[in-house]
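Fold and geometry: a report
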Amino acid sequence: MLVARVKFAGGDEYNTPERGLFLGVYVKVKALADDQSSLWGDFYVTMRGHHYDADACCPDGFKPTLDYVDLQDGETAEGWLLFDVPARHGEVVLKQSYGGGKIATWRF
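The structure reproduced in this document is the subject of the present report. Quantities reported herein were computed from a predicted structural model and do not represent experimental measurements.

Cut-offs and rules
Residues numbered from 1 in each chain as written. Predicted model: local features only at pLDDT ≥ 70, side-chain atom pairs only at ≥ 80, totals over all residues. Heavy atoms only, no water. Disulfide = S-S within 2.5 Å. Buried < 20%, exposed > 50% of the residue type's maximum accessible area, 1.4 Å probe, protein only. Helix = DSSP H or I, 4+ residues; strand = E, 2+ residues; numbered from the N terminus. Lys, Arg positive; Asp, Glu negative; His and termini not counted. Salt bridge = Lys/Arg side-chain N within 4 Å of Asp/Glu carboxyl O. Contact = heavy atoms within 4.5 Å.

Evaluation of the coordinates by the stated rule reveals one disulfide. Linked covalently through their sulfurs, Cys57 and Cys58 form a disulfide whose S-S length is 1.9 Å. Residue Cys58 is classed as partly exposed on the basis of its relative accessible area, which comes to 45%.

Below, the structure written as structure tokens:
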């Protein structure tokens with residue numbers, strides 16, 4: 001699993017972020033065993049002590065999105081996760097699907 005890139009956008013007249021910025025996180029995942037998921041719902045961002053889920057939608061420049069898919073050993077998936085955030089600095093977190101502990105973090 002790799003966070004390959006992050007970028008920000010301010011939106012446009014029809015799609016503006018409520019908190020100020022769209023944050024796109026480009027993620028690449030590779031299954032190391034059969035019956036793994038793309039981990040789509042296991043990412044979040046922390047900023048200024050707040051938790052933000054990847055629930056922003058549809059600004060231009062963030063295609064393809066990372067979709068939830070089941071992967072078999074060796075298969076890959078990649079795409080953008082989109083967050084509505086208030087600042088340009090924070091931390092992307094990959095959490096455990098069950099139990100909620102942190103598996104990995106990336107600062108930006």
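Our focus in this paragraph is the side chain of Asp42. Mapped onto the elements of the fold, Asp42 is located in the loop between β3 (36-37) and β4 (43-47). Buried and unpaired, Asp42 has no salt bridge, with Lys95 as the nearest side chain of opposite charge at 4.4 Å. Excluding residues that lie within four positions of it along the chain, Asp42 makes contacts with Val93, Leu94, Lys95 and Ser97.

Applying the stated criterion to the full structure yields two salt bridges. Here Lys102 and Glu91 are joined by a salt bridge, their closest N and O atoms 3.5 Å apart. Taken together, the residues span a long stretch of sequence, with Lys102 in strand β9 (residues 102-107) and Glu91 in strand β8 (residues 91-95) at a distance of eleven residues. Assessed through its relative accessible area of 10%, Glu91 is described here as buried. Linking Arg107 and Glu91 is a salt bridge whose minimum nitrogen-to-oxygen distance equals 3.6 Å. With a gap of 16 residues between them, Arg107 in strand β9 and Glu91 in strand β8 connect regions that are remote in the sequence. Through salt bridges that share partners, Glu91, Lys102 and Arg107 make up one connected network.

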